[in-house]
Every structure is written in C-alpha cells, then in structure tokens.
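Listed below are the residues making up each chain.
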Amino acid sequence: MEITEVSWLKPSTKERSECKILGIAQLSISHLHRKQIGRGLFDIAALYMKLVGRTFRKFCLHVGRRILDKGRIMMSRLAFFPQPYLDEDFRSIIYRYHLMSPNQIFPDTKEELFELRSHKNPMFPANLIKLYEKLPNRHPFESDYFINHHTWVRLISCFLTRTDRNNEDERIRTHSGNYNNNIFNVTNLFSKQVKYCPKCLYEDYEKYGECYVHRAHQFDFMTCCHLHRVELIDYCPDCNCPLNKDYAETLLSKPQCPSCSNAIKVNKIRSESSIYDYQNTLLKDLYTLNSLSGIIHAEYIQSKIMMKMWEINLIHYRGRFMRSELLKKIVDSHSPETLEVTGLNADTLLSRHFAGRFLQPHHMRRHILFYVLLIRYLFSSVTNFLNYEHPIANPIPFGHGPWECLNPICAQKGKKIIQRCERKLKISGGISITTTFQCAVCGFTYSKRWMRGRQEPNKPLIVSMGNLWYGRVETLYLEGFTPYQIHKETGFSETAINSCINKMKKTRLTLSGHNPPLIPSDTIQAIEQMAATTRDETKESYRLTLLQTAQVNQTNKRLFLLRMHPREYNWLCRNDSTWLDEHFPRKKAFKAKIDLHSFDEILSQKICTIAAELKEDSNFQIRKYTILNRLSPLEKSRLQSFNEDRLPASHKALNESIEKIDSYLMRSVARVATKLRYKYGYQNISYDALISYSKLYESCSSELKVKIEELLRHNNEDKSCH
C-alpha cells in the first residue's frame, strides 16, 4: 500500500503540491519501520512539519487514518505491521507494534488493532478478524497464521471437544461470548507473568536490534531455557522488581531492567538433571500436539486411551473402566518431582473426585499436562499414540462350537454333539466368563471358566451328571446296592453317589418310566435314626473339645476357640448355637454415653468465638456453612445430626451468628471505603461510589442508606483531618 492521497491531512493547495514534489505521495508504508527509515524520509518529515505545523508523530498517525464527514473517524488499513520473529509470542508482536506506532498508551493500540479498548495484552487474542482486515495490502499472513505459529490455541484445541473448538474459534475471530469465561482460561499450564531467558534476550538484541517474548518460555513448568539451559526469570536479579507490568501491558524491548536500568544478568547455567530433560521432552510433545490439532480432539484422545486400556486389561467386559487402577500405576511409576511438573500430586490423582472425572472429554482441558504424561506413559511417544489402533472387541470364549460331551457313560462320549452353550459374566465383577455346556443325549452338564489372555482353559466343573447317570444310580440303589457297591460297580464318585441318594430320599423319586415300590418306610426310619445318632455323637465330641480347651487355657473368649478349633466351633455355631451362647456368652459392646449438655455448652461458645473472628477478618457475608466449615468434623456432624432439642444452645448460637445482608453491608462500608480511597484514588467516598463497587448497595432500605451515608460522612471527615 502506498500513500497516494495527501488530502487526508487537509494541507493547502500549495502545501499539497510541495509535498507531492518532495515525494510524500510515493512513500512506501514499509519505510515507516524504524530500521528502514532513511535520512531522506526524516528530511521530508521535517519539511512537512514546517508546512503544516504538525509533529512527526501526528504525521505518522494521520497516515493511517481517514477523516470522514460529521467528525466520525474510521480506520483504514494499517500503514505497517511488524514481521513476527521465530516462535514469537503474539503478545510480543502486538507490543512491538505499539512501540512503533504513535500511540501513547497501550489501550489506544488495542483499540486501533482490535476495536477493543483495554489495558490487557492477552495471550489468546480476541476479535482477530479486525486485525486481518486492517493489515497492509499484500501482507504475507494467512487467516490462521498468528493462531498457529504465535499462540498455543491449537494445543488447547487438541483437548477440547469438537463443539467447544468451534465455539472458541468463533470467539477468537469475532469476540463473541464472555472473554473472561472462555475455555482457554487453563490453570497450571501457562505462567501468570511473562518469562525470559537472559541469554535469548542478548542474542535477539544483537541479531534484530530488539528483544521479543519466546512462546516456549511461557509454560509454567518450564524453569530453564530449552536452548541455553539458563534459568528463566520474570523479575530483575538486581532490584527484584518485575520485568513487565501485569497482563503484559509492557514488555522488554532491550535486555535491561525497566526499574533500575541495569543490564539483565545471566544466571549460572544449570547442569544436567532428569527434571530438566523431562521438561524438554514434555515441551517437544506439546509442540507436536500443537502442530497436529487438525486431527486431534478430546474425543479422539479418549478413544485412543480406551483402546490401550482394553489391551492392557483395564476395561472390564461389562464396560467398567478401572480408572483407579490406572492412576495407581501412573503414581507408582513416576517420582513426586515428575508429577509436580504436571501441577498434580499423588493425593489428587488418587482422589475419588479426580478418578470420577478422568477420561471425560469436557474434563481434559483442565489438566492438559497430565494427559500428555498419560499419553507418554501408555504409548511412549506422541507418534506411537497417533499410529496406535486396537479394536475394543471380545473374542468368543471357546469358539462357535460344537463341543464334546464328557459323560463317561454316554454313548456319545468325546464326540462334539453339544450345539448350544450359555455364557455368563462372573457375578462378583471379575474379568472371567463362565460357559455352561449340556449334552442333549444324556443331560450331562459341565462348565468352564474363560479368561482373556489365558491359553489353556481350566479344568471343567461338573454342574449336573444328567438324567442317564441319576437313573443308573437310582436303579442300583433300589435294587439293594449300597453306595460303596454302586461305586465299585460303576466307577462313579462315592461322594456324588451319596449326594444323589440323599436327594432321592428327600423327594421320594421313582425310576423314570417304571413304577417300582417306594423305599420301605422302616428303611428310611432306620437311616434317619442312624443319622441322628451320628449327629448327637458329633455334638458331644465337639462340645467336649471346646470345654477342655477353655479349661486348659483358662479363657472364655470365642475368638481364641475359633483359632484353636475352627471346624468344631463353626459346626456348633450352625447346629448348637444355644449351648454355645450359654457356655461362651458374647461380650456386650460398650457404648459410652455422650454428655450432650456439656458438649452443647462448649460448642455454643466455640460458635460464638468463630463468628466474632469472622466479623473481624472475613470480607464475605457470614453464612451457616461459613461457620460449620470451621468446626471439627465431629462437631459439624453432631450439629447437623442432632436437632434443636438435643443441642439447643449450639443451634441458637449458630442461628444468631448468621449475618443478615444489612449487617454485612454495614460492616463492609469501612473496608470498601478504604479500598476505593487507596486503590482507585477516591478522595471523598459517596454512596454512589459504593454502588459502583458493589451492586448489593442498590437494594438497601432507606434507613440503612441513611446510616451508611452518616458513616461515610464521618469516615471522610476523619481522613480529611489526617
């Protein structure tokens, strides 16, 4: 863009012709850069000041503006814009433009570039579309150049959901929404103060003639420069004053302190350390993620981590994520110093609050460094993370079938004739699947437990021997065979035979397809008498054992008897609990009574003391939980659990200590007046000044307003006297 219209400055016809003769109309905008201004331009400017009676700064200012009718000023394209340096922070670019521009204060520069007036120079820009509209013609900057190369917007976008990414991109370009509540307000990631490497300051000043802010130095975890291993600073080593104003309103343009004007000293170069290497590794990962923001988002990270958790058996077949187990492994595999780099400690990672929100896409932006650490822990590098693919799918336990019958008396033994099976997850929440197989020929049923990663299934568990087996046992028993004889005849397990016979005696089963006589009643009666005799003998034997042990050891404690004779003790608990309670009675639990009257008096006095301290120190309204949170857990629990009948004095003291809004506003008058006077420069504090500070004063009653005005009058008189 070239200046071709000198009539903007409203000189006379003669002055305009002289300016054109001197070449002002042909001046290139790039000449306004401080380093490229030749001596001829200064001569022209000096002559122009004589012609139109303006200063050189106003001359430069009018070059970039057009004065329209009705006195309304409209910004044209910028006369110049500084070329960004390698890895320069966006705040530094804007501040360098401010130094080159004729603007006296930074809010004027911000209003000129973004049409937003503020003294803050934020790390993440807003209303960026206005800056692109005002850049000089033929500028080399693409639409997303500043966002991609001079901010960390793309890094944070990797940990946002797709919806949030679209909203934040729109906010950056058009300043839609509340700037103070945007998603880019990430805690524990960026330093609150701009940091510098002293060695970088000197190198930049020697190479470019000015200093600039490096984007890589602004992470909170970075303590040393990744290029020079020099400690990063945000204050002067000599005078201990900050090198910048708050919100980056001013930045360093040369390597000297703005307060004491001393040259910035280069601290001793740090030696090799694991933390320094880890910081550099983390920084490289952040740069990699920043360059790959087009394909990475919160849902993408969530899916990759879930794939890896499935591969390492940290996702249950029912879909339960073993978050706590994964976090425990991370804590065990990293030192406390390494975890502190991410802004978290072991207690925070293992808390229920963190584990409950772990892996939620909306939660990822809050702890970006932790998820970078997690990616490195699970995948070793960001490259492996991007290339990793593992399906989340269960292999079919024991295949599609058919499966063989294991019944030794079945005609189809060893043949794969079972066509269907039933698979069930372990009810206790384990990671195994139990599969049940049943033969359609003999009814034999068995089960196997399958676990992912186990090569050979465990030994099958017999669920039911089947109708064929039960019929054979019943037939032999009704023919007069004893269980031992049936065992010798068939080779079946004697335990299984006894179980089958007991079940048969209870249900009076008959053979399927036959009608033989029932088991004789005298036989059943004889068996029952024999069983009762055996039970009585067992009972007497177990009783005698416990009594002898108690007498020898001179103890009556049940726990001791349980440890010495667990079988006898447990059998008597099930079958003879009355005798056990009579000879070895349980000790009654002692429950101490609470002296509620004394507790109530002490607690009420403590509540009054806390309320008095809060009125002296607290800047906030005293509410119920303001006091409760200062009590011990036991006192708080009892006060909430016991009603007013049981703790009358404490409840009365608590209700009286709760501060009403009028009392709070009256108490806050002195504090607010002091803040308005010393921080904001007010001399005489009025009631309207209080309203401008806090809208709560608008709702005051007329009586309270009179009291506040009277208090303010005395306060102003006292200050004027002093």
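Residues numbered from 1 in each chain as written. Predicted model: local features only at pLDDT ≥ 70, side-chain atom pairs only at ≥ 80, totals over all residues. Heavy atoms only, no water.

Draft legend 1. Representation of the overall build of the protein chain. Within the protein chain, the regular secondary structure consists of 32 helices and eight strands. Put simply, the protein chain has 722 residues, and 41% of those count as buried. Across the protein chain, the fraction of contacts at a sequence separation of at least 24, relative to all contacts at a separation of at least 6, is 60%. (Helix = DSSP H or I, 4+ residues; strand = E, 2+ residues; numbered from the N terminus. Buried < 20%, exposed > 50% of the residue type's maximum accessible area, 1.4 Å probe, protein only. Contact = heavy atoms within 4.5 Å.)

Draft legend 2. Spatial organisation of the packing of aromatic side chains. Applying the stated criterion across every chain yields a total of 31 aromatic pairs. Aromatic pair F90 and F146: ring centres 5.7 Å apart, planes at 70 degrees, arrangement edge-to-face. Here the residue F90 occupies a position in helix 4 (residues 90-100), and F146 occupies one in helix 7 (residues 145-150), the gap between them amounting to 56 residues. Each member of the pair, F90 as well as F146, is classed as buried. Between the NZ or CZ atom of R215 and the centre of the ring of W152, over which it lies, the distance is 4.5 Å. (Phe/Tyr/Trp six-rings, centres within 6.5 Å; stacked < 30°, edge-to-face > 60°. Lys NZ or Arg CZ within 6 Å of the ring centre and 35° of its normal.)

Draft legend 3. Structural context of the pairing of strand 7 (residues 445-451). Here strand 6 (residues 432-438) pairs with strand 7 via seven bridges, running antiparallel. Residue pairing for strand 7: F437 is matched across the bridge by Y446. The turn joining strand 6 and strand 7, which pair antiparallel and follow one another in sequence, is formed by six residues; a positive phi near 80 degrees is taken by G443. Looking at chain direction, strand 7 and strand 8 (residues 461-464) are connected through three bridges and run antiparallel. Each residue of the ladder has a partner; that of S447, found in strand 8, is L461. (Pairing = 2+ DSSP bridges.)

Draft legend 4. Expanded view of helix 32 (residues 702-721). Here helix 32 is 20 residues long and its end C-alpha atoms lie 29 Å apart, about the 28 Å a rise of 1.5 Å per residue gives. Along helix 32, the residues classified as buried are L704, I708, L712, N715 and N716. Looking down the long axis of helix 32, one finds its buried residues gathered within 105 degrees of arc, a one-sided arrangement. Turned more than 90 degrees away from the buried face of helix 32, the exposed residues are S702, E703, V706, K707, S720 and C721. Buried residues in helix 32 make contact with helix 30 (661-678) and helix 31 (687-693). (Expected span 1.5 Å × (residues − 1). Arc of directions from axis to C-beta.)

Draft legend 5. Looking closely at the confidence of the model for the protein chain. Per-chain confidence: the protein chain averages 79 in pLDDT, with 80% of residues scoring 70 or above. Within the protein chain, the lowest mean pLDDT, 37, falls on strand 1 (residues 65-67), and the highest, 94, falls on helix 10 (residues 198-208). Across residues 1-75, where pLDDT falls below 50, the model places 91 contacts with residues more than four positions away in sequence or in other chains. Every residue in residues 509-518 is under pLDDT 50, and counting partners more than four places away or in other chains gives ten contacts. (pLDDT = per-residue confidence, 0-100.)

Draft legend 6. How the structure looks around empty space enclosed by the protein. Following the criterion strictly, the structure yields five cavities of 30 Å³ or more and no others. Each residue belonging to the lining of the largest cavity can be placed in one class, and the counts come to six nonpolar, five polar and one charged. (1 Å grid on protein atoms, 1.4 Å probe; cavity = no way out; pocket = protein on both sides within 12 Å on 5 of 7 lines; lining within 4 Å. Points joined across faces, edges and corners; volume = space filled by probe spheres on them. Nonpolar A, V, L, I, M, F, W, Y, C, P; charged D, E, K, R; others polar.)

Draft legend 7. Region of interest: helix 13 (residues 323-333). If you check which residues of helix 13 are buried, you get L326, L327, I330 and V331. Around the axis of helix 13, the buried residues are gathered within 135 degrees of arc, so they sit on the same side. Contact partners of the buried residues in helix 13: helix 12 (298-311), helix 14 (336-341), helix 15 (346-349), helix 16 (352-357) and helix 17 (368-379).

Draft legend 8. Structural view of the nonpolar core. F81, L131, F159, F219 and F370 are the most contacted members of the largest nonpolar core, which has 85 residues in total. For this core, the leading source of residues is helix 17, giving ten residues. (Core = buried A, V, L, I, M, F, W, Y, C linked by side-chain atoms within 4.5 Å.)

Draft legend 9. Examining the packing of helix 30 against helix 32 more closely. Where helix 30 meets helix 32, the closest approach of the two axes is 11 Å, and the angle between their N-to-C directions is 30 degrees. The handedness of the crossing between helix 30 and helix 32 comes out as right-handed. Taken together, the residues of helix 32 that come into contact with helix 30 (itself represented by D662, M666, V669, A673, R677 and Y678) are L704, K707, I708, L711, L712, N715, N716 and K719. Its residues assigned to classes, the contact of helix 30 with helix 32 comprises eight nonpolar, two polar and four charged. (Axes fitted to C-alpha atoms, helices over the stretch in contact; angles between N-to-C directions. Left-handed = near helix turned anticlockwise from the far one by under 90°.)

Draft legend 10. Structural context of the side chain of H363. Tracing the chain through its elements places H363 in the loop between helix 16 and helix 17. Apart from residues lying up to four places away in sequence, H363 is in contact with F354, R357 and Y371.

Draft legend 11. Geometry of the environment of I691. The topology assignment puts I691 in helix 31. For I691, a relative accessible area of 16% puts it in the buried group.

Draft legend 12. Spatial organisation of the pattern of salt bridges. This model, assessed by the stated rule, comprises 24 salt bridges. Of the charged contacts in the structure, one is a salt bridge between R117 and E111, with a shortest N-O distance of 2.9 Å. A salt bridge links D581 to R558; its shortest N-O distance comes to 2.4 Å. Of this pair, D581 sits in helix 25 (residues 577-583) while R558 sits in helix 23 (residues 558-564), and the two are 23 residues apart along the sequence. A relative accessible area of 39% means that D581 is categorised as partly exposed. (Salt bridge = Lys/Arg side-chain N within 4 Å of Asp/Glu carboxyl O.)

Draft legend 13. A look at the packing of helix 19 (residues 467-478) against helix 20 (residues 483-490). In contact at an axis separation of 10 Å, helix 19 and helix 20 are set at 130 degrees when each is read in the N-to-C sense. Classified by the angle between their axes, helix 19 and helix 20 sit oblique to one another. Considering the relative orientation of helix 19 and helix 20, their crossing is right-handed. On helix 20, the residues touching R472, V473, L476 and Y477 of helix 19 are I486, E489 and T490. Considering only residue class, the contact of helix 19 with helix 20 consists of four nonpolar, one polar and two charged. (Parallel < 35°, antiparallel > 145°, perpendicular 65-115°, else oblique.)

Draft legend 14. Spotlight on unusual backbone geometry. You will see that N313, though not glycine, has its phi angle at about 65 degrees, which is positive. You will see that S380, though not glycine, has its phi angle at about 75 degrees, which is positive. With relative accessibility at 49%, the residue S380 sits in the partly exposed group.

Draft legend 15. Structural context of the side chain of T445. With respect to the secondary-structure elements, T445 resides in strand 7. Accessibility expressed as a relative area gives 7% for T445, which makes it buried. Separated by 3.2 Å, the side chain of T445 and the backbone oxygen of G443 make a polar contact. In this structure, T445 is in contact with T436, F437, Q438, I462, V463 and S464, ignoring residues within four places of it in sequence. (Polar contact = N/O pair within 3.5 Å; in protein donor to acceptor, adjacent residues only side chain to side chain.)

Draft legend 16. Spatial organisation of the environment of A393. Relative to the assigned elements, A393 resides in the loop between helix 18 (382-387) and strand 3 (403-404). Expressed as a C-alpha distance, the spacing of A393 and W310, which sit 83 residues apart in the sequence, is 8.7 Å.

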